[in-house]
Amino acid sequence: SIANQDNENFWSPVQFNEKDTVNKLNTWRKNSILFLHNSVFSPYECDFSDCYIGIKMNNNFGYIKVGKQGDYGLVIKEYAINKTANNIIICGQKE
């Protein structure tokens, strides 16, 4: 699942900053719409330059750190998952 926010009738990923907490209080959905900043037709644009996307796998919280690559590309820079079920993770946390 992906931490999402409602943007006028569609869901998009929440952009977390370093040290933000990913936990059960986030809104979780199995899918999401990702529009990059230079997308001309998108109703909601965001600049995914060095931000975190919250994830949940079963009952484990984690994050994926992404960066923008060119106008329409996205690169995964790092990721982490808390192996203890139902425990939070802080974006950027390594252990």
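Scroll up to find the structure.
All of the points below concern the structure found in this document. All values derive from a computational prediction rather than experimental measurement.

Conventions and cut-offs
- Residues numbered from 1 in each chain as written.
- Predicted model: local features only at pLDDT ≥ 70, side-chain atom pairs only at ≥ 80, totals over all residues.
- Heavy atoms only, no water.
- Helix = DSSP H or I, 4+ residues; strand = E, 2+ residues; numbered from the N terminus.
- Contact = heavy atoms within 4.5 Å.
- Polar contact = N/O pair within 3.5 Å; in protein donor to acceptor, adjacent residues only side chain to side chain.
- Salt bridge = Lys/Arg side-chain N within 4 Å of Asp/Glu carboxyl O.
- Buried < 20%, exposed > 50% of the residue type's maximum accessible area, 1.4 Å probe, protein only.
- Phe/Tyr/Trp six-rings, centres within 6.5 Å; stacked < 30°, edge-to-face > 60°.

Structural notes on the environment of Gly-62
- Relative to the helices and strands, Gly-62 is located in strand β6 (residues 60–69).
- When the C-alpha positions of Gly-62 and Val-22 are compared, they lie 6.9 Å apart, and in sequence the two are 40 residues distant.
- Setting aside its immediate chain neighbours within four residues, Gly-62 contacts Val-22, Ile-53, Gly-54, Ile-55, Ala-80, Ile-81 and Ile-89.

Brief notes about the side chain of Glu-78
- Structurally, Glu-78 is set in strand β7 (residues 73–81).
- A polar contact of 3.1 Å, which involves the side chain of Glu-78, links it to the side chain of Tyr-63.
- Within polar-contact distance, the side chain of Glu-78 engages the side chain of Lys-94 at 2.9 Å.
- Contact partners of Glu-78, with chain neighbours within four places excluded, come to Tyr-52, Tyr-63, Ile-64, Lys-65, Gly-92 and Lys-94.

Some thoughts on the pattern of salt bridges
- If you walk through the whole model with that rule in mind, you get two salt bridges.
- With a closest N to O distance of 2.9 Å, Lys-94 and Glu-78 form a salt bridge. Separated by 16 residues along the polypeptide, Lys-94 in the segment after β8 (89–90) and Glu-78 in strand β7 bring together distant segments of the chain.
- For Lys-94, a relative accessible area of 64% translates into the label exposed.

Observations concerning the packing of aromatic side chains
- This structure, assessed with the given rule, holds two aromatic pairs.
- Ring geometry for Trp-28 against Phe-61: centres 5.6 Å apart, planes inclined by 40 degrees, an arrangement best described as tilted. Here Trp-28 is found in strand β4 (residues 27–29), whereas its partner Phe-61 is found in strand β6, with 33 residues between them in sequence.
- Look at Trp-28 and you get buried, because its relative accessible area is 18%.
- Plain terms: the ring middles of Tyr-52 and Tyr-63 are 5.2 Å apart, the flat faces sit at 80 degrees to each other, and that makes the pair edge-to-face. Highlighted residues: Tyr-52 in strand β5 (residues 51–57) and Tyr-63 in strand β6, separated in sequence by eleven residues.
- Judged by relative accessible area, Tyr-52 falls into the buried class, the value being 3%.

Such coordinate-based values are descriptive only and should not be taken to indicate function.
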